[in-house]
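# Coordinates in review
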Amino acid sequence: MMICDEVVPTGQMEDAIARNTAQMLRAGFMSTISNRKALRVGQEPLPTYRRYMATYSRQQCLCMYDRALIDNLEHSWQPQQRRM
């Protein structure tokens, strides 16, 4: 359902899982928990989508000032190295 960030051959699954898990942990638990809650609510019908967006927006607000998320952004976000 277009939720995949990466597709890997079967033999590379363990490495991909370890790499993606480490990335999620660096982002902080609030971000992961918020995204999980929002994905769990999201479905196709419009009323359900509205619930999903309300949940997602609320969860994003709750984690916006999470110390782990801020630390991760300060460490990882380097706009001078991004290509436009």
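Heads up: the structure comes first, above all this text.
Residues numbered from 1 in each chain as written. Predicted model: local features only at pLDDT ≥ 70, side-chain atom pairs only at ≥ 80, totals over all residues. Heavy atoms only, no water.

### Brief notes about a positive patch on the surface
- Among the surface-exposed residues, R36, K37, R40 and R58 lie close enough to one another that they form a single positively charged patch.
- No other element matches helix α2 (residues 29–41), which puts three residues into the positive patch.
- By the secondary structure assignment, K37 is in helix α2.
- Under the relative-accessibility criterion, K37 is labelled partly exposed at 34%. (Patch = residues over 30% accessible without salt bridge, like charges linked within 9 Å, V, L, I, M, F, W, Y side chains within 5 Å. Areas by Shrake-Rupley, 256 points an atom, 1.4 Å probe, with all protein chains shown as cover. Salt bridge = Lys/Arg side-chain N within 4 Å of Asp/Glu carboxyl O. Lys, Arg positive; Asp, Glu negative; His and termini not counted. Charge placed at Lys NZ, Arg CZ, Asp CG, Glu CD. Helix = DSSP H or I, 4+ residues; strand = E, 2+ residues; numbered from the N terminus. Buried < 20%, exposed > 50% of the residue type's maximum accessible area, 1.4 Å probe, protein only.)

### A short note on the packing of aromatic side chains
- For the structure shown, the criterion picks out one aromatic pair.
- A centroid spacing of 6.1 Å and a plane angle of 20 degrees characterise the contact between Y52 and Y56, whose relative ring orientation is stacked. With Y52 and Y56 both in helix α3 (residues 46–63), this residue pair falls four residues apart, about one helical turn.
- Relative accessible area serves as the criterion here: at 27%, Y56 is assigned to the partly exposed category. (Phe/Tyr/Trp six-rings, centres within 6.5 Å; stacked < 30°, edge-to-face > 60°.)

Treat this as a map of the structure, not an account of what it does.
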